[in-house]
Amino acid sequence: MAIFWNRARSSSSPLLQRIKRHVITGGDYFILSRSFTTLEGHRPTIVHKRSLDILHDPWFNKGTAFSMTERDRLDLRGLLPPNVVSPDVQIERFMVDLKRLEVQARDGPSDPNALAKWRILNRLHDRNETMYYKVLINNIEEYAPIVYTPTVGLVCQNYSGLFRRPRGMYFSAEDRGEMMSMVYNWPAEQVDMIVVTDGSRILGLGDLGVQGIGITIGKLDLYVAAAGINPQRVLPVMIDVGTNNKKLLEDPLYLGLQQHRLDGDDYLAVIDEFMEAVFTRWPNVIVQFEDFQSKWAFKLLQRYRTTYRMFNDDVQGTAGVAIAGLLGAVRAQGRPMIDFPKQKIVVAGAGSAGIGVLNAARKTMARMLGNNEVAFQSAKSQFWVVDAKGLITEGRENIDPDALPFARNLKEMDRQGLREGASLAEVVKQVKPDVLLGLSAVGGLFSNEVLEALKDSTSTRPAIFAMSNPTKNAECTPDEAFSILGDNIIFASGSPFSNVDLGNGNIGHCNQGNNMYLFPGIGLGTLLSGSRIVSDGMLQAAAERLAAYMSEEEVLKGIIFPSISRIRDITKEIAAAVIEEAVEEDLAEGYHEMDARELRKLSRDEIKEYVINNMWNPEYPTLVYRKD
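Residues numbered from 1 in each chain as written. Predicted model: local features only at pLDDT ≥ 70, side-chain atom pairs only at ≥ 80, totals over all residues. Heavy atoms only, no water.

The name an unreviewed UniProt entry assigns to the protein chain is Malic enzyme, from the organism Medicago truncatula. Entered under Function (unreviewed entry) in the UniProt record, the comment concerning the protein chain runs "Involved in the regulation of sugars and amino acids metabolisms during the night period." Database annotation for the protein chain, UniProt heading Catalytic activity (unreviewed entry): "(S)-malate + NAD(+) = pyruvate + CO2 + NADH". (UniProt positions renumbered as here; feature names shortened; annotations may be inferred.)

Colleague: Summarise the UniProt feature "binding site: (S)-malate" (unreviewed entry) in the protein chain; cite the residues concerned and give the values.
Modeller: In the numbering used here, UniProt assigns the feature "binding site: (S)-malate" (unreviewed entry) to Arg-201, Asn-469 and Asn-514. Structurally, Asn-469 can be placed in the loop between strand E11 (463-466) and helix H22 (478-485). Its relative accessible area of 16% is what places Asn-469 among the buried residues. Those residues within four positions of Asn-469 in sequence are excluded, and the remaining contacts are Thr-149, Leu-203, Gly-204, Gly-494, Ser-495 and Asn-514. With respect to the helices and strands, Asn-514 occurs in the loop between strand E15 (510-512) and helix H23 (519-529). Since its relative accessible area comes to 1%, Asn-514 is described here as buried. If we skip the residues at most four places from it in the chain, Asn-514 touches Tyr-148, Thr-149, Val-321, Asn-469, Ser-493 and Gly-494. A distance of 3.3 Å separates polar atoms of two side chains, one belonging to Asn-514 and the other to Tyr-148. (Helix = DSSP H or I, 4+ residues; strand = E, 2+ residues; numbered from the N terminus. Buried < 20%, exposed > 50% of the residue type's maximum accessible area, 1.4 Å probe, protein only. Contact = heavy atoms within 4.5 Å. Polar contact = N/O pair within 3.5 Å; in protein donor to acceptor, adjacent residues only side chain to side chain.)

Colleague: Which residues make up the side chain of Asp-291, and what values go with them?
Modeller: With respect to the element layout, Asp-291 can be found in the loop between strand E5 (286-289) and helix H15 (294-304). Only 3.3 Å separates the side chain of Asp-291 from the side chain of Arg-201, close enough to count as a polar contact.

Colleague: A description of the sheet that holds strand E2 (residues 169-172) should follow, citing residues and the corresponding values.
Modeller: Spatially, E2-E4-E3-E5-E6 is the arrangement adopted by the five strands of the open sheet, whose pairing is parallel. Edge strands, defined here as strands with exactly one partner in the open sheet, are E2 and strand E6 (310-312). The sheet shows a mean angle of 20° between the axes of neighbouring strands, direction not considered. Together, E2, strand E3 (193-197), strand E4 (234-240), E5 and E6 form the strand contacts of helix H14 (residues 264-281), whose direction differs from that of E5 by roughly 150°. Here H15 sits on the sheet in contact with E5 and E6, set at roughly 160° to E6. (Pairing = 2+ DSSP bridges. Axes fitted to C-alpha atoms, helices over the stretch in contact; angles between N-to-C directions.)

Structure (structure tokens):
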């Protein structure tokens with residue numbers, strides 16, 4: 001019988017007291033552990049390599065921080081400078097170098113500083129993972145835009161030229177029939193989180209083929225930094241089924257398959273084989289689908305969501321963040337969130353992200369209205385959807401089946417002075433919406449004409465959500481919105497913008513409504529709950545917890561999303577909400593030694609403590625050598 005107490009936790013904590021009572025009264029004991037993720041920092045880690053092999057392995061390399069005892073034990077004496085440097089001094093030295101080199105590292109004047117920063121950080125990642133994540137976590141507000149949007153878009157566009165060292169796995173159309181054996185080439189015995197893309201719709205940049213792996217690497221960096229998923233248990237994946245990007249097909253330096261994309265049953269066969277392979281080796285893994293073109297995003301989600309532990313971040317993550325923002329906008333108008341079903345919402349964009357938001361918002365409204373069929377039908381009347389062809393009505397020929405539920409009735413539109421294909425400006429002018437939501441990937445779509453039309457909104461404080469990424473694809477900038485509509489609006493974007501100085505000490509707050517607020521917590525909560533699926537209820541609980549995160553004082557100032565600097569605390573809250581919902585829906589099966597029965601006994605505060613105890617922190621473990 002053994003119980004490992006976490007040094008960092010007080011013995012007076014409610015969760016530990018409960019465990020003690022359980023043991024003392026003769027109940028079944030269990031190990032309170034962070035297992036591989038946290039106790040690894042408090043007990044030695046067994047390694048099977050020494051000397052230069054350790055120094056060249058980013059998972060275990062500590063550089064000049066190796067103690068003299070470890071240097072002797074691991075045959076490192078003489079291979080490092082004699083001075084043992086603390087991790088804090090290592091980071092200080094790195095930061096000085098980064099600030100000095102970020103300009104010099106540019107490849108000419110056309111190369112932005114952000115990409116130079118990415119190169120320097122990537123080199124650190126290649127040689128010392130623990131230090132890399134410590135730097136990232138300690139400077140998350142500055143470096144999240146470097147490892148993730150918007151800089152990751154530049155990285156993906158240039159990935160063939162930036163490629164130096166492989167990270168993640170590549171499955172291609174040429175590997176059909178071999179994927180089940182290929183997964184065993186990955187060295188980790190356990191993988192908790194996979195982010196996978198086929199490169200067909202990277203951010204708003206289109207088909208980038210195999211270069212899209214950059215987005216999966218960036219997402220997993222945030223899983224580690226925000227959610228504390230152990231970096232040795234994450235796996236970025238590219239499924240290369242070809243590309244329809246003419247430039248890449250003709251580029252001799254392109255690293256992917258230079259053939260047109262597979263389609264139909266051939267395409268599905270590749271994805272099916274991949275899913276079967278990874279879940280055969282790692283039955284408890286969670287797979288996040290990322291940046292699949294709309295054509296496949298919904299089909300793959302429906303195909304796998306009830307049989308595999310997976311979700312689609314573009315469809316479900318974007319929807320959750322948008323719902324949180326929409327609920328926050330209601331609060332910022334001085335109204336209770338229950339008033340959300342009264343909001344008139346114009347949505348620009350009917351791709352996977354747009355339809356995902358529409359479906360989630362409709363379900364949220366329906367639940368507030370009674371959660372029945374009548375409520376569900378009533379809720380759709382609050383949305384007007386505009387795509388590249390204009391307003392979508394029932395008169396549209398060859399209408400996308402996913403958009404059909406939101407097509408407006410022609411007679412009703414005629415009474416409103418609108419028609420099939422009406423322009424965005426016309427729709428805004430006639431509807432006078434409370435919210436203008438952009439998920440179009442069309443930069444500048446919210447033109448001066450559109451923003452001028454929003455002046456007639458019936459809302460006391462209209463909300464503008466320019467959610468498309470990267471920055472150049474934002475439907476408008478905060479400067480444009482505040483300059484035309486004044487300071488009494490709510491503004492949010494998908495990529496980071498600076499707040500706007502409105503004069504007289506007033507600030508126009510630019511909220512970054514980015515998926516990073518949700519997907520790390522959804523993944524962590526799913527992992528720790530042991531739920532076999534990611535349910536709609538779990539996603540909704542995540543969105544509602546995010547919406548409630550901001551204080552009343554903050555939302556009344558127009559701040560509806562928190563600072564990125566608080567991302568680790570936000571993720572803890574989101575993960576706890578996901579676990580609570582999984583327990584409520586009787587989906588939770590437990591994680592490691594915390595079985596479903598014990599999980600159901602935990603209070604809300606104890607669930608948060610459980611989450612914290614299972615978040616990895618970037619601390620150097622003591623290394624002990626053992627022969628294979």
